[in-house]
Amino acid sequence: MILINGTDARVLREPPQRSHFPRSPFAEVLSKPVERHDCPKCEAPAGSPCRTRGGKAATKYHTARFILVPALKEELEVPVPEDRGPGRTWKPGPPVEQIPATTAQPIRIGYARCSTAQQELQSQLDALAPVCKRIFSEKISTRAKTRPELEKALKLAYDIKEAAPDQEVILTVHEPKRLARNAAELMTLSGRLQAAGVRLELLTGPLSGIYDPNGMGAMFFAVLAAAAQIERNYIREKALEGRHAAAAKGNRGGRPKVIDDDMLTFARALKERGVPVPGIAKKLTIKAGKNAGQHPSVASVYRALAEAPEPDAEARAIEQRRPGAEGTERLTRQALTSAGDDVLALLAQHAEREEGGAA
């Protein structure tokens, strides 16, 4: 007996036993869409399993054959089911029945959007509801880089088209500006839809209907996209002008301040006198807003005092040097007293000069 690395050489000369490919419980289900196509590699006809060069039925379908099924493009291998006789002599299977062409209705996926919570969204939903199987809606500005509901709508459309390439899928919106904020973004999105085989439908506007990316439709769509961008820029400019005009009149917009300037001045005066902040909060009253008539919170007073600009150092020094009410009264008495003494001295000197002249 000859040993090679501790192994009997006769064992090495014996042909390895055939190990059958593990059968998947879904092999029967997966084999039906695969066998609807002829195999480009072994030329097995539709309805039959793939075959090897030795004339045996293959244990798994050739990659060139099962990738013809869109849903199996990402699979590494698809096993041949047991009833096809993998590993045994290949035999042709029954012919595949031709599936009659179906007139399936297109699947419409709706998308509705408005920029703010104050804007109305129901009109878009009412227009989309009669024609769309699924509607995605959100209240978000087109300036947001990520719009979650739009991404969900696009993903659903792409998934349906990949699983059923012959199924017509349409993304339906009320008007073009619901999809993008400028012409470049709108054209990019329409290009993505076209590459995935998903069609775009507009319910209103001069280009209402299903968008045709060929011929004059593409140019007209580009013009409308540019017009929508110009309209958006015009609205933005007018909004900014209105804000600047209101600010010039002293109307800054937004909710009223909890602690206005007068309250802040009073709070600082109390703080300089040593009043604790909780006590200051109890002495203040909110003048406007939904909390009018109530005391501001201690945190609001702390924040207002911290954010308030510090008074000028020179003004503080002058304020410190300025005497109080008692000091002012004392200085006034001193000034009057000293002035009276001077007047008496002057009168005495004048009387002495007159007496000397008379003598």
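Rules of the game
Residues numbered from 1 in each chain as written. Predicted model: local features only at pLDDT ≥ 70, side-chain atom pairs only at ≥ 80, totals over all residues. Heavy atoms only, no water. Helix = DSSP H or I, 4+ residues; strand = E, 2+ residues; numbered from the N terminus. Contact = heavy atoms within 4.5 Å. Buried < 20%, exposed > 50% of the residue type's maximum accessible area, 1.4 Å probe, protein only. Pairing = 2+ DSSP bridges. Salt bridge = Lys/Arg side-chain N within 4 Å of Asp/Glu carboxyl O. pLDDT = per-residue confidence, 0-100. Expected span 1.5 Å × (residues − 1). Arc of directions from axis to C-beta.

Caption draft 1: Structural detail: the side chain of Glu-35. Looking at where Glu-35 falls in the secondary structure, it is placed in the loop between α2 (27-34) and α3 (63-66). Dropping the residues within four chain positions of it, Glu-35 is found in contact with Ala-46, Gly-47, Ser-48, Pro-49, Tyr-61, Arg-65, Arg-84 and Val-96.

Caption draft 2: How the structure looks around the pairing of strand β5 (residues 169-173). In terms of residue burial, β5 counts as a mostly covered element, since 5 of its 5 residues are buried. Going residue by residue along β5, you find Val-169, Leu-171 and Val-173 tucked away on one face and Ile-170 and Thr-172 tucked away on the opposite face as well. In the sheet, strand β3 (residues 107-114) pairs with β5 via 5 bridges, with the strands oriented parallel. In the sheet register, Gly-110 faces β5, and the bridge partner there is Thr-172. Where β5 lies against strand β6 (residues 199-202), 4 bridges are found, and the strand directions are parallel. Bridge assignment links Leu-171 to a residue of β6, and that residue is Leu-200.

Caption draft 3: Inspection of the pattern of salt bridges at higher detail. Tallied over the full model, the rule gives 11 salt bridges. A salt bridge links Arg-199 to Glu-168, with the shortest nitrogen-to-oxygen separation between them at 3.1 Å. Highlighted residues: Arg-199 in strand β6 and Glu-168 in the loop between α5 (148-163) and β5, separated in sequence by 31 residues. Residues Lys-287 and Asp-260 are paired through a salt bridge, measuring 3.2 Å at the closest nitrogen-oxygen approach. Of this pair, Lys-287 sits in the loop between α9 (277-283) and α10 (298-307) while Asp-260 is found in the loop between α7 (216-248) and α8 (261-272), placing the two residues 27 residues apart along the sequence.

Caption draft 4: Region of interest: the confidence of the model for the protein. Per-residue confidence for the protein averages 76 on the pLDDT scale, and 69% of its residues sit at or above 70. In this model residues 1-5 is a low-confidence stretch, pLDDT under 50, and it forms 8 contacts with partners more than four residues away in sequence or in other chains. Across residues 9-23, confidence stays below pLDDT 50; counting only partners more than four residues off in sequence or on other chains, it has 17 contacts.

Caption draft 5: Quick look at α5. Here α5 is 16 residues long and its end C-alpha atoms lie 23 Å apart, about the 22 Å a rise of 1.5 Å per residue gives. Here α5 has its buried residues at Glu-149, Leu-150, Ala-153, Leu-154, Ala-157, Ile-160 and Lys-161. All buried residues of α5 fall inside an arc of 140 degrees around its axis, so they share one side. When the buried face of α5 is taken as reference, the exposed residues oriented beyond 90 degrees from it are Lys-155 and Ala-163.

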